[in-house]
Structures are given as C-alpha cells and as structure tokens.
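The lines below spell out each chain.
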Amino acid sequence: MEYNRKECKSVRPVVHKIMIKEQILGIGVCCLDYKDLENCIRQDIENGKKSFAVAINPEKILASRRDAGVKEILESADYPIPDGIGIVIASKIKKGNIKKRVTGIECMNMLCGLSHKMGYKIFLYGAAPQSVEGAKNTLEKMYPDIKISGFMDGYEQDNEKITAAINQSGADIVFVALGSPKQEYWICQNKERLCAKVFLGVGGSFDVLSGRVKRAPEFMQKIGLEWLYRLIKEPKRIVRQIKLLKFVGLLIADRKG
Ligand code: UDP
C-alpha cells in the first residue's frame, strides 16, 4: 500500500551526524549507516533540497589525487558514502568511526524501498539497454508499488534527450550507472537543470540487478572480499586493482606523517 506523501510531511528532524565527515587521504567521507542516509534523503526530498550521493572507494580517492576535477566532485557531494572495504580499513587505521561499508547498490535498494513506501518516482539512467530494462523489471518485482517513471540506457549520445526524458518523467530520484568518474561528472554537470531531487551514481548495479553480472556471494561481501570475487570474474580489473597498492602505501605514509 502506498503512503500518502502529504501525510508523511512530518519527517522527524535528523541529527546531521551525517555532516560530520572523516578525512581519508584528504577526502571527506560520511560516518553513517543506511538508516541515517534514508532519513536524510527523505528529509531532503520533503524539503525540496537537491542532494548528490557518491560512493567513495580507494580508486576514487586515488583518482582525486591525479585529477582536480574528480577531487572537486567528491568534495561537492552531499553524501560521500564509505563504499569500499579500503575506506573502512583506512578509518580503522586512523582509529576513526567508519565501521561498515555503505555500498552504492545497497543504497539504491534502500532508496527503492523508501520510494515504494512514499510514492517517490524513480528514473534509471545508464548501462546497456538490456541491463537498464532488466533492472527496471527486477525492481518492479521486488517492490510491486514502485514507480519507475522512466529509464534510458547509458549509450544515448543526445544529452538534451536524456535530460528532457528525466524532467518529463517527474522523477524524484535518479540512479546513474555510467561507471566512475563519468557518472559523477554527469550528475554534477546536469543536476541543476533537472527537477529530480536526489542523484546517486551506482556503477555496475543495473548489470547486477538485471542478472547479467553476478554479485559476490554474501559471505565474501561480509568479510570484505567482494573485490576478489570481481577480480576472479573479470581478470582485466587487475590493472585497476594493482593501483590500490598505492592507496595502502599512502595510508601508511599518512599514518607515519
Ligand atoms: N556505461 C554506460 N555508458 C558508458 C560507459 C559505461 O552506461 O559510456 C555503463 C556500463 O555498461 C556498466 C557501467 O556503466 O553498466 C559501469 O560498470 P562498472 O562495474 O565498471 O562500474 P564501476 O566499477 O566504475 O562502479
């Protein structure tokens, strides 16, 4: 059953502990759990405030050190969430407060559950045509009352067509699956001209939801080895993952310094 949006106006004010960011190699990361994020985003939508969540992992932190544009984007995010296990480890080394991963795909799940309850509209943008359509079908099975008001694959070249489709759909939340940092650049360049309120970059999540790519078994996710599973499935990711040794080196240098 769908809740009446007007009746749900009385969202409890959220203590913005989410605003306290922990610095991991110069990038602020929120110390939050899914419930905190859900409360904040619900409040943002009800207040008509735009917000942008970005999943932070070691790869993005390394990219931000090479590319000032990426750094600016990560710094501009309202909710930089601790997506990678490397971020949790980095926080542990610094005796920080980030205890668990908050992943892009689980945030998407959480926001779909919220939308199903509250009647928020969702737009899916990105991935191959079969993936985005498959993701839509899966979400509609998982959340029978969900309103997916539109979708578009990530290979459409006409940006006017993309932004017009999102605005016409009346979406409140847009999930963008173009890979990083392309999806974060796209969000930053387009969010002001879009009527939607919440933007989340979700990488390969539509591929997973559509069943075209399998996520690691739950026990691997729990012990922080999802990266190993992805490496076994896609050995060419080794190039990306070898770079992560640099992240470890920087953490050690940071600790000594
Ligand atoms: N993608 C896209 N348009 C592009 C490039 C990539 O829609 O121009 C999609 C691609 O089909 C895939 C996703 O972006 O579904 C990237 O997935 P990946 O797992 O590589 O994401 P990341 O590891 O960067 O989060």
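These figures come from a predicted structure and were not determined experimentally.

Procedures and definitions
- Along each chain, numbering runs from 1 in the same order as the chain's sequence is written.
- Reporting in this predicted model follows two pLDDT cut-offs: at least 70 for local features of residues, and 80 or more for side-chain atom pairs to be given and counted; totals over whole chains, interfaces and linings ignore these cut-offs and use all residues.
- Heavy atoms throughout the structure, all of them, feed into the side-chain values; hydrogens and water do not.
- With a 1.4 Å probe rolled over the protein chains alone, any residue whose accessible area is under 20% of its type maximum counts as buried; one over 50% counts as exposed, and the rest are partly exposed.
- Numbering goes from the N terminus for both helices and strands, where a helix is a DSSP run of H or I of at least four residues and a strand is a run of E of at least two.
- Two strands make a pair as long as DSSP finds a minimum of two bridges between them.
- Seen with the strands pointing away from the viewer, any crossover whose path from the first strand over the helix to the second strand runs clockwise is right-handed.
- Lines are fitted to the C-alpha atoms to define the axes, a helix being fitted only along its stretch in contact, and any angle between axes, read from their N-to-C directions, falls within 0 to 180 degrees.
- Here pLDDT means the predictor's own confidence in every residue, given as a number from 0 to 100.
- By the convention used here, residues are in contact when the closest approach between their heavy atoms is within 4.5 Å.
- To estimate the expected span of a helix, subtract one from its residue number and multiply by 1.5 Å.
- Exposure above 30% relative accessible area and the lack of any salt bridge qualify a residue for a patch; like charges then connect within 9 Å, and the nonpolar side chains Val, Leu, Ile, Met, Phe, Trp and Tyr within 5 Å.
- Working definition of accessibility: Shrake-Rupley area with a 1.4 Å probe, residue cover restricted to the visible protein chains.
- A pair is scored as a salt bridge if a Lys or Arg side-chain nitrogen falls within 4 Å of a carboxyl oxygen belonging to Asp or Glu.
- Note that His is not counted, nor are the chain ends; the positive residues are Lys and Arg, and the negative ones are Asp and Glu.
- Note on charges: their place is set at NZ of Lys, CZ of Arg, CG of Asp or CD of Glu.
- The arc in question is traced by the directions running from the helix axis to the C-beta atoms.
- What qualifies as a polar contact is a pair of N or O atoms within 3.5 Å, subject to a donor-acceptor requirement within protein and to the restriction that residues adjacent in sequence count only when both atoms come from side chains.

Structural notes on the pairing of strand E5 (residues 121-126)
Then, in step 1: The element E5 is largely enclosed, with a buried count of five among its six residues.
Then, in step 2: Inspection of the sheet shows E5 paired to strand E6 (residues 147-152) by five bridges, in the parallel sense. Residue pairing in the sheet places isoleucine 122 in a bridge with isoleucine 148 of E6.
Then, in step 3: In the classification by handedness, the crossover that spans E5, the intervening helix H6 (residues 129-142) and the parallel E6 is right-handed.
Then, in step 4: Examined bridge by bridge, E5 and strand E7 (residues 173-177) share five bridges and lie parallel to one another. Bridged to phenylalanine 123 within E7 is valine 174.

Here's the deal with the sheet that holds E7
Then, in step 1: Pairing is parallel in the open sheet, where six strands are placed in the order E4-E3-E8-E7-E5-E6. If you trace the sheet from one side to the other, it starts and ends with strand E4 (79-82) and E6, each paired once. When strand polarity is set aside, the average angle formed by the axes of neighbouring strands in this sheet is 20 degrees.
Then, in step 2: For strand E3 (residues 51-56) and E4, the ladder comprises four bridges, and the chain directions are parallel. Bridged to isoleucine 56 within E4 is proline 82.

Quick word on the confidence of the model for the protein
Then, in step 1: Confidence in the prediction for the protein averages 90 pLDDT; 93% of positions are at 70 or higher.
Then, in step 2: Of the regions scoring below 50 in pLDDT, residues 1-13 engages in 22 contacts with residues more than four places distant in sequence or in other chains.

Focus on the environment of leucine 111
Then, in step 1: Mapped onto the fold, leucine 111 is located in helix H5 (residues 104-118).
Then, in step 2: Spatially, the C-alpha atom of leucine 111 lies 33 Å from that of leucine 245, the residues being 134 residues apart in sequence.
Then, in step 3: Apart from residues lying up to four places away in sequence, leucine 111 is in contact with Ile41, Ile173, Phe175, Val198 and Leu200.

A word on unusual backbone geometry
Residues apart from glycine generally show negative phi values, whereas peptide bonds are mostly found in trans.
Then, in step 1: That bond from serine 180 to proline 181 is cis: its omega, 0 degrees, falls within 30 degrees of zero.
Then, in step 2: Tracing the chain through its elements places proline 181 in the loop between E7 and helix H8 (182-190).
Then, in step 3: With a phi close to 55 degrees, lysine 95 is a non-glycine residue in the positive phi region.

Quick word on H5
Then, in step 1: For H5, with 15 residues, the first-to-last C-alpha span of 21 Å sits near the 21 Å given by 1.5 Å per residue.
Then, in step 2: Taken residue by residue, H5 has Gly104, Ile105, Cys107, Met108, Met110, Leu111, Cys112, Leu114, Ser115 and Met118 as its buried positions.
Then, in step 3: Taken from the residues just after H5, glycine 119 is the one with a positive phi, measuring 80 degrees.

Remarks on the pairing of strand E2 (residues 27-30)
Then, in step 1: Going residue by residue along E2, you find Ile27 and Val29 tucked away on one face and Gly28 and Cys30 tucked away on the opposite face as well.
Then, in step 2: Judged from the four bridges that link them, strand E1 (residues 21-24) and E2 form a sheet pairing that is antiparallel. The residue bridging glutamine 23 from the neighbouring strand is glycine 28, located in E2.
Then, in step 3: Linking two consecutive strands that pair antiparallel, namely E1 and E2, is a turn of two residues; a positive phi of about 45 degrees is found at leucine 25 within it.

A closer look at a positive patch on the surface
Then, in step 1: Residues Arg65, Arg66, Lys243 and Lys246 make up a contiguous surface patch of positive charge.
Then, in step 2: Residue placement: lysine 246 occurs in helix H13 (residues 244-256).

Quick look at helix H3 (residues 68-76)
Structural remark: α-helix, 3.6 residues per turn; residues separated by three or four positions point the same way.
Then, in step 1: For H3, every residue scored as buried is listed here: Val70, Ile73 and Leu74. Summarising the axial view, the buried residues of H3 lie within an arc of 95 degrees, below the 170-degree limit, and thus occupy one face. Every exposed residue of H3 that faces more than 90 degrees away from the buried side is listed here: Ala68 and Glu72.
Then, in step 2: In this structure, the buried residues of H3 make contact with E2, E3, helix H2 (58-66) and H8.
Then, in step 3: Here H3 starts with a cap whose side-chain oxygen sits 2.8 Å from the backbone nitrogen of glycine 69, and that cap is aspartate 67.

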